[in-house]
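Structural characterization, general
The residues making up each chain are set out below.
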Amino acid sequence: MRSIYPTLLALTAFIGLPNATQAQIEIGLKAGAAMYSGDLSASATRIYQDANFSGGAYLRYRPIPRIGIRINGNFGKLSSDRMARMPDEDGRSVLVLQSFQSKLTEFNLLAEIDLFYLGDPEANYFAPYLFGGVGVFSFDPKAPDQDGNLVSLQPLRTEGQGLAQINPRYAAAPYNLTEVVGIVGGGIRLRFAERFVVGLELGGRITGTDYIDDIGGTLVNYRDILGGQEGSQAAFFSNPAVDNPTQVTNLEYTRGGNNPDWYFVGGLTFGITIGEGGRGKGCYNF
(Lines give C-alpha, C1' and ligand atoms only; values in the text may rest on other atoms or scores of the structure.)
Protein backbone atom coordinates (compact mmCIF):
# COMPACT_ATOMS: atom_id res chain seq x y z
CA MET A 1 0.00 0.00 0.00
CA ARG A 2 2.87 2.40 0.78
CA SER A 3 4.36 1.89 -2.69
CA ILE A 4 1.94 4.39 -4.25
CA TYR A 5 3.50 7.34 -2.42
CA PRO A 6 6.92 7.16 -4.16
CA THR A 7 5.02 6.86 -7.45
CA LEU A 8 3.06 10.03 -6.74
CA LEU A 9 6.23 11.90 -5.74
CA ALA A 10 8.06 10.76 -8.87
CA LEU A 11 5.17 11.81 -11.09
CA THR A 12 4.98 15.23 -9.43
CA ALA A 13 8.69 15.76 -10.00
CA PHE A 14 8.35 14.62 -13.61
CA ILE A 15 5.54 17.09 -14.25
CA GLY A 16 7.77 19.91 -13.08
CA LEU A 17 10.33 19.28 -15.85
CA PRO A 18 10.24 20.96 -19.29
CA ASN A 19 8.23 18.82 -21.67
CA ALA A 20 7.45 18.40 -25.32
CA THR A 21 5.68 21.13 -27.24
CA GLN A 22 2.29 19.44 -27.07
CA ALA A 23 2.36 18.77 -23.31
CA GLN A 24 -0.29 20.39 -21.13
CA ILE A 25 -0.77 20.74 -17.39
CA GLU A 26 -4.24 21.28 -15.99
CA ILE A 27 -5.39 21.95 -12.44
CA GLY A 28 -9.02 21.73 -11.39
CA LEU A 29 -11.78 21.11 -8.89
CA LYS A 30 -14.45 18.40 -8.70
CA ALA A 31 -17.96 18.33 -7.23
CA GLY A 32 -20.48 15.52 -7.34
CA ALA A 33 -21.53 12.43 -5.41
CA ALA A 34 -20.08 9.34 -3.75
CA MET A 35 -22.28 6.23 -3.80
CA TYR A 36 -21.84 3.06 -1.74
CA SER A 37 -22.63 -0.45 -2.98
CA GLY A 38 -22.54 -3.30 -0.48
CA ASP A 39 -24.50 -5.41 2.00
CA LEU A 40 -26.84 -2.53 2.90
CA SER A 41 -27.56 -1.38 -0.66
CA ALA A 42 -31.15 -1.48 -1.85
CA SER A 43 -29.98 -3.09 -5.13
CA ALA A 44 -27.09 -2.84 -7.57
CA THR A 45 -29.20 -0.75 -9.96
CA ARG A 46 -30.40 1.72 -7.30
CA ILE A 47 -27.13 2.83 -5.70
CA TYR A 48 -28.12 6.42 -6.48
CA GLN A 49 -30.38 6.21 -3.42
CA ASP A 50 -27.24 6.18 -1.25
CA ALA A 51 -25.60 9.19 -2.93
CA ASN A 52 -23.80 11.75 -0.75
CA PHE A 53 -21.94 14.90 -1.73
CA SER A 54 -18.27 14.59 -2.58
CA GLY A 55 -15.68 17.08 -3.77
CA GLY A 56 -12.01 17.25 -4.52
CA ALA A 57 -9.19 18.56 -6.66
CA TYR A 58 -6.93 17.19 -9.38
CA LEU A 59 -3.76 17.76 -11.36
CA ARG A 60 -3.73 16.44 -14.94
CA TYR A 61 -0.64 16.08 -17.10
CA ARG A 62 -1.14 15.48 -20.83
CA PRO A 63 2.20 14.65 -22.52
CA ILE A 64 0.50 14.36 -25.92
CA PRO A 65 -3.08 14.72 -27.17
CA ARG A 66 -5.22 11.69 -26.32
CA ILE A 67 -3.19 10.56 -23.28
CA GLY A 68 -3.42 11.96 -19.75
CA ILE A 69 -2.07 11.19 -16.26
CA ARG A 70 -4.01 12.53 -13.30
CA ILE A 71 -3.51 12.83 -9.54
CA ASN A 72 -6.78 13.20 -7.58
CA GLY A 73 -7.94 13.86 -4.06
CA ASN A 74 -11.58 13.00 -3.28
CA PHE A 75 -13.43 13.73 -0.06
CA GLY A 76 -16.99 12.84 0.87
CA LYS A 77 -19.29 10.51 2.74
CA LEU A 78 -20.63 6.98 2.29
CA SER A 79 -23.83 5.82 3.97
CA SER A 80 -26.85 3.55 3.69
CA ASP A 81 -29.61 1.91 5.71
CA ARG A 82 -32.09 -0.88 5.20
CA MET A 83 -34.52 -3.14 7.03
CA ALA A 84 -33.07 -6.63 7.33
CA ARG A 85 -34.04 -9.86 9.05
CA MET A 86 -32.00 -11.04 12.03
CA PRO A 87 -32.73 -13.77 14.60
CA ASP A 88 -33.81 -12.66 18.09
CA GLU A 89 -32.97 -14.46 21.38
CA ASP A 90 -35.54 -17.16 20.57
CA GLY A 91 -34.27 -17.65 17.03
CA ARG A 92 -37.26 -15.92 15.43
CA SER A 93 -36.62 -13.83 12.33
CA VAL A 94 -37.20 -10.15 13.16
CA LEU A 95 -36.95 -7.03 10.99
CA VAL A 96 -34.33 -4.59 12.28
CA LEU A 97 -32.77 -1.42 10.92
CA GLN A 98 -29.14 -1.74 9.83
CA SER A 99 -27.30 1.47 8.99
CA PHE A 100 -23.87 3.04 8.73
CA GLN A 101 -22.14 6.22 7.67
CA SER A 102 -18.48 6.95 7.06
CA LYS A 103 -16.24 9.79 5.97
CA LEU A 104 -14.40 9.03 2.74
CA THR A 105 -10.88 10.20 1.95
CA GLU A 106 -9.23 9.03 -1.26
CA PHE A 107 -6.02 9.81 -3.17
CA ASN A 108 -5.37 8.16 -6.49
CA LEU A 109 -3.27 8.07 -9.64
CA LEU A 110 -5.07 7.54 -12.97
CA ALA A 111 -4.17 7.05 -16.61
CA GLU A 112 -6.62 8.41 -19.20
CA ILE A 113 -7.19 7.92 -22.92
CA ASP A 114 -9.43 10.08 -25.12
CA LEU A 115 -11.45 7.92 -27.49
CA PHE A 116 -11.95 10.52 -30.24
CA TYR A 117 -12.22 14.28 -30.76
CA LEU A 118 -14.77 16.65 -32.12
CA GLY A 119 -12.68 19.74 -32.75
CA ASP A 120 -8.96 20.53 -32.44
CA PRO A 121 -7.25 18.32 -29.79
CA GLU A 122 -4.64 21.08 -29.24
CA ALA A 123 -7.20 23.85 -28.76
CA ASN A 124 -10.98 23.52 -28.36
CA TYR A 125 -12.64 20.13 -28.49
CA PHE A 126 -15.21 17.67 -27.13
CA ALA A 127 -13.99 14.17 -26.22
CA PRO A 128 -15.23 11.05 -24.40
CA TYR A 129 -12.53 9.30 -22.35
CA LEU A 130 -11.79 6.22 -20.27
CA PHE A 131 -9.59 6.02 -17.19
CA GLY A 132 -8.12 3.47 -14.81
CA GLY A 133 -5.68 3.42 -11.95
CA VAL A 134 -5.02 2.77 -8.29
CA GLY A 135 -5.58 4.69 -5.10
CA VAL A 136 -5.63 4.62 -1.32
CA PHE A 137 -8.84 5.28 0.59
CA SER A 138 -9.69 5.67 4.28
CA PHE A 139 -13.05 5.04 5.96
CA ASP A 140 -14.49 4.70 9.46
CA PRO A 141 -18.00 3.17 9.66
CA LYS A 142 -20.26 4.52 12.39
CA ALA A 143 -23.85 3.89 13.46
CA PRO A 144 -26.20 5.37 16.10
CA ASP A 145 -26.59 3.62 19.45
CA GLN A 146 -29.84 3.41 21.46
CA ASP A 147 -29.47 7.09 22.43
CA GLY A 148 -28.77 8.28 18.90
CA ASN A 149 -25.05 8.87 19.45
CA LEU A 150 -22.76 7.86 16.61
CA VAL A 151 -20.35 5.07 17.55
CA SER A 152 -17.30 3.88 15.61
CA LEU A 153 -17.95 0.25 14.74
CA GLN A 154 -14.50 -1.13 13.89
CA PRO A 155 -13.20 -1.10 17.51
CA LEU A 156 -16.30 -3.04 18.66
CA ARG A 157 -15.34 -6.15 16.64
CA THR A 158 -18.96 -6.91 15.80
CA GLU A 159 -18.05 -10.07 13.86
CA GLY A 160 -15.57 -11.51 16.34
CA GLN A 161 -12.43 -9.93 14.91
CA GLY A 162 -9.58 -10.73 17.29
CA LEU A 163 -11.33 -13.78 18.75
CA ALA A 164 -9.54 -16.37 16.62
CA GLN A 165 -8.37 -18.11 19.80
CA ILE A 166 -12.04 -18.89 20.54
CA ASN A 167 -12.95 -19.98 17.03
CA PRO A 168 -10.65 -20.01 13.96
CA ARG A 169 -13.45 -18.75 11.72
CA TYR A 170 -13.03 -15.29 13.27
CA ALA A 171 -10.44 -12.89 11.86
CA ALA A 172 -7.25 -12.58 13.87
CA ALA A 173 -7.49 -8.77 14.07
CA PRO A 174 -9.94 -5.94 13.29
CA TYR A 175 -10.14 -4.90 9.65
CA ASN A 176 -7.98 -2.06 8.37
CA LEU A 177 -9.48 1.42 7.94
CA THR A 178 -7.13 2.26 5.07
CA GLU A 179 -7.09 0.12 1.94
CA VAL A 180 -5.82 0.09 -1.65
CA VAL A 181 -8.52 0.52 -4.28
CA GLY A 182 -8.61 -0.18 -8.03
CA ILE A 183 -10.41 2.38 -10.18
CA VAL A 184 -12.11 2.16 -13.59
CA GLY A 185 -14.44 4.64 -15.24
CA GLY A 186 -15.12 7.12 -17.99
CA GLY A 187 -16.45 10.53 -18.83
CA ILE A 188 -16.73 13.36 -21.31
CA ARG A 189 -14.88 16.67 -21.39
CA LEU A 190 -15.19 19.94 -23.26
CA ARG A 191 -12.28 22.34 -23.68
CA PHE A 192 -13.06 25.92 -24.68
CA ALA A 193 -11.25 29.25 -24.96
CA GLU A 194 -8.11 27.07 -25.44
CA ARG A 195 -7.64 27.02 -21.65
CA PHE A 196 -10.78 26.00 -19.73
CA VAL A 197 -11.96 22.39 -19.41
CA VAL A 198 -15.30 21.14 -18.04
CA GLY A 199 -16.21 17.49 -17.73
CA LEU A 200 -18.61 14.90 -16.38
CA GLU A 201 -17.33 11.53 -15.17
CA LEU A 202 -18.10 8.45 -13.10
CA GLY A 203 -15.65 5.90 -11.70
CA GLY A 204 -16.13 2.66 -9.81
CA ARG A 205 -13.89 1.65 -6.92
CA ILE A 206 -12.93 -2.01 -6.59
CA THR A 207 -12.05 -2.41 -2.92
CA GLY A 208 -10.34 -5.24 -1.09
CA THR A 209 -12.62 -5.01 1.95
CA ASP A 210 -16.13 -6.17 2.84
CA TYR A 211 -16.28 -3.83 5.83
CA ILE A 212 -16.95 -0.32 4.53
CA ASP A 213 -20.34 -0.84 6.23
CA ASP A 214 -18.89 -3.01 9.08
CA ILE A 215 -20.96 -5.92 7.77
CA GLY A 216 -19.38 -9.07 6.37
CA GLY A 217 -20.29 -12.70 5.90
CA THR A 218 -18.67 -14.31 8.95
CA LEU A 219 -20.77 -16.84 10.86
CA VAL A 220 -21.07 -15.25 14.32
CA ASN A 221 -22.01 -16.72 17.69
CA TYR A 222 -23.81 -14.08 19.78
CA ARG A 223 -22.35 -15.33 23.06
CA ASP A 224 -18.82 -14.90 21.69
CA ILE A 225 -19.49 -11.24 20.88
CA LEU A 226 -21.26 -10.62 24.19
CA GLY A 227 -18.33 -12.11 26.10
CA GLY A 228 -15.73 -10.20 24.10
CA GLN A 229 -13.78 -7.07 24.89
CA GLU A 230 -16.64 -4.63 24.13
CA GLY A 231 -19.40 -6.74 25.65
CA SER A 232 -23.02 -5.60 25.38
CA GLN A 233 -22.33 -2.65 23.07
CA ALA A 234 -20.64 -4.89 20.50
CA ALA A 235 -23.47 -7.42 20.84
CA PHE A 236 -26.09 -4.71 20.23
CA PHE A 237 -24.51 -3.58 16.96
CA SER A 238 -23.78 -7.15 15.92
CA ASN A 239 -27.43 -8.19 16.29
CA PRO A 240 -29.95 -5.49 17.33
CA ALA A 241 -32.80 -8.04 17.12
CA VAL A 242 -31.84 -9.45 20.55
CA ASP A 243 -33.77 -7.67 23.36
CA ASN A 244 -32.73 -9.94 26.24
CA PRO A 245 -29.07 -11.00 25.89
CA THR A 246 -29.20 -13.10 29.08
CA GLN A 247 -31.75 -15.41 27.44
CA VAL A 248 -29.45 -16.26 24.53
CA THR A 249 -27.95 -19.74 24.73
CA ASN A 250 -26.55 -20.66 21.30
CA LEU A 251 -27.49 -18.10 18.66
CA GLU A 252 -25.52 -18.10 15.39
CA TYR A 253 -26.08 -15.88 12.35
CA THR A 254 -24.44 -14.10 9.42
CA ARG A 255 -24.98 -10.38 8.94
CA GLY A 256 -24.20 -10.09 5.21
CA GLY A 257 -22.45 -11.65 2.24
CA ASN A 258 -18.81 -12.33 1.45
CA ASN A 259 -18.42 -10.08 -1.61
CA PRO A 260 -16.21 -6.97 -1.28
CA ASP A 261 -17.95 -3.62 -1.00
CA TRP A 262 -17.75 -1.09 -3.85
CA TYR A 263 -18.24 2.62 -4.08
CA PHE A 264 -18.53 5.09 -6.94
CA VAL A 265 -17.41 8.70 -7.28
CA GLY A 266 -18.76 10.92 -10.01
CA GLY A 267 -19.70 14.45 -10.91
CA LEU A 268 -18.57 17.62 -12.62
CA THR A 269 -14.98 18.75 -13.11
CA PHE A 270 -13.71 22.22 -13.94
CA GLY A 271 -10.08 22.88 -14.81
CA ILE A 272 -7.74 25.40 -16.35
CA THR A 273 -4.57 24.69 -18.33
CA ILE A 274 -1.55 26.56 -17.04
CA GLY A 275 1.45 27.71 -19.05
CA GLU A 276 1.57 27.43 -22.83
CA GLY A 277 1.95 24.03 -24.41
CA GLY A 278 1.08 22.98 -27.92
CA ARG A 279 0.87 24.77 -31.28
CA GLY A 280 4.65 24.71 -31.58
CA LYS A 281 5.29 27.16 -28.76
CA GLY A 282 8.03 25.07 -27.16
CA CYS A 283 8.36 24.60 -23.41
CA TYR A 284 6.02 26.07 -20.83
CA ASN A 285 5.99 29.79 -20.18
CA PHE A 286 4.66 30.75 -16.74
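Predicted model, so just to flag it, every value in this text is computed and none were measured. (Residues numbered from 1 in each chain as written. Predicted model: local features only at pLDDT ≥ 70, side-chain atom pairs only at ≥ 80, totals over all residues. Heavy atoms only, no water.)

1. Things to note about the overall build of the protein
- Each helix and strand in the protein was counted, giving 3 helices and 13 strands.
- Within the protein, the fraction of its 286 residues that count as buried is 47%.
- For the protein, contacts bridging at least 24 residues in sequence account for 71% of all contacts bridging at least 6.
- Split by element, the accessible area of the protein, about 13500 Å² in all, is 59% carbon and sulfur. (Helix = DSSP H or I, 4+ residues; strand = E, 2+ residues; numbered from the N terminus. Buried < 20%, exposed > 50% of the residue type's maximum accessible area, 1.4 Å probe, protein only. Contact = heavy atoms within 4.5 Å. Areas by Shrake-Rupley, 256 points an atom, 1.4 Å probe, with all protein chains shown as cover.)

2. Considering the packing of aromatic side chains
- Applying the stated rule across the entire model yields 12 aromatic pairs.
- Their ring planes at 85° and their centres at 5.1 Å tell us that Tyr 117 and Tyr 125 sit as a pair that is edge-to-face.
- These aromatic residues form a ring-pair network of at least three members: Phe 137, Phe 139, Tyr 175, Tyr 211 and Tyr 263.
- Directly above the ring of Tyr 129 sits Arg 189, whose terminal nitrogen or CZ lies 3.9 Å from the centroid. (Phe/Tyr/Trp six-rings, centres within 6.5 Å; stacked < 30°, edge-to-face > 60°. Lys NZ or Arg CZ within 6 Å of the ring centre and 35° of its normal.)

3. Focus: the confidence of the model for the protein
- The share of residues in the protein with pLDDT of 70 or more is 87%, and the mean pLDDT across the chain is 88.
- Looking at the elements of the protein, mean pLDDT is at its lowest for helix 1 (residues 4-15), recorded as 46, and at its highest for strand 6 (residues 125-138), recorded as 98.
- In this model residues 1-20 is a low-confidence stretch, pLDDT under 50, and it forms 25 contacts with partners more than four residues away in sequence or in other chains. (pLDDT = per-residue confidence, 0-100.)

4. Side note on helix 3 (residues 231-238)
- Listed in full, the buried residues belonging to helix 3 are Gly 231, Ala 234, Ala 235, Phe 237 and Ser 238. Along the axis of helix 3, the buried residues cluster in a sector spanning 165°; they form a single face.
- Check the buried side of helix 3 and you find it contacts strand 3 (67-87), strand 7 (142-144), strand 8 (150-152), strand 11 (220-221), helix 2 (222-226) and strand 12 (252-253). (Arc of directions from axis to C-beta.)

5. Examining a nonpolar patch on the surface
- Nonpolar side chains collect at one region of the surface, where Ile 113, Leu 115, Phe 116, Leu 118, Phe 126, Leu 130, Ile 188, Leu 190, Phe 192, Leu 200, Leu 268 and Phe 270 lie side by side and expose about 1100 Å² of accessible area between them.
- Listing elements by their share of the nonpolar patch, those giving two or more residues are strand 6, strand 9 (178-192) and strand 13 (262-274).
- Counting residues per element, the nonpolar patch draws most heavily on strand 9, at 3 residues.
- Mapped onto the fold, Leu 268 is located in strand 13.
- Judged by relative accessible area, Leu 268 falls into the exposed class, the value being 56%. (Patch = residues over 30% accessible without salt bridge, like charges linked within 9 Å, V, L, I, M, F, W, Y side chains within 5 Å. Salt bridge = Lys/Arg side-chain N within 4 Å of Asp/Glu carboxyl O.)

6. Observations concerning the environment of Lys 142
- Summarising the element assignment, Lys 142 is placed in strand 7.
- Exposure remark for Lys 142: the relative accessible area of 30% places this residue in the partly exposed category.
- Separated by 63 residues in the primary sequence, Lys 142 and Ser 79 have C-alpha atoms spaced 9.2 Å apart.
- Setting aside residues up to four positions removed in sequence, Lys 142 forms contacts with Ser 99, Phe 100, Gln 101, Leu 150, Val 151, Ser 152 and Leu 153.

7. What about the environment of Ser 93?
- Residue position: Ser 93 is located in strand 4 (residues 93-114).
- The spatial distance from the C-alpha of Ser 93 to the C-alpha of Ala 241 is 8.4 Å, given a sequence separation of 148 residues.
- Sequence-distant contacts of Ser 93, that is, excluding residues within four places in its chain, are made with Arg 85 and Met 86.

8. Observations concerning the side chain of Asn 72
- Checked against the element boundaries, Asn 72 lands in strand 3.
- Exposure remark for Asn 72: the relative accessible area of 1% places this residue in the buried category.
- Separated by 3.4 Å, the side chains of Asn 72 and Lys 30 make a polar contact.
- Only 2.8 Å separates the side chain of Asn 72 from the side chain of Asn 108, close enough to count as a polar contact.
- Residues within four places of Asn 72 in sequence aside, it is in contact with Lys 30, Ala 57, Tyr 58, Glu 106, Phe 107, Asn 108 and Leu 110. (Polar contact = N/O pair within 3.5 Å; in protein donor to acceptor, adjacent residues only side chain to side chain.)

9. Thoughts on the side chain of Arg 189
- Along the chain, Arg 189 turns up in strand 9.
- By relative accessible area, Arg 189 is classed as buried at 2%.
- For Arg 189, the side chain forms a polar contact with the side chain of Glu 112, separated by 2.9 Å.
- A distance of 2.5 Å separates the side chain of Arg 189 from the side chain of Asp 114, its partner in a polar contact.
- Setting aside its immediate chain neighbours within four residues, Arg 189 contacts Arg 60, Arg 62, Glu 112, Asp 114, Tyr 125, Phe 126, Ala 127, Tyr 129, Val 197, Val 198 and Gly 199.

10. Some thoughts on the nonpolar core
- Of all hydrophobic cores here, the largest spans 19 residues; its most connected members are Tyr 36, Leu 78, Phe 100, Leu 104, Phe 137, Ile 212 and Tyr 263.
- Those residues within four positions of Leu 78 in sequence are excluded, and the remaining contacts are Ala 34, Met 35, Tyr 36, Asn 52, Phe 100, Gln 101, Ser 102, Leu 104, Ile 212 and Tyr 263.
- In terms of nonpolar packing, the next biggest core, distinct from the first, is built from 17 residues, Val 96, Ala 234, Phe 237 and Tyr 253 among them. (Core = buried A, V, L, I, M, F, W, Y, C linked by side-chain atoms within 4.5 Å.)

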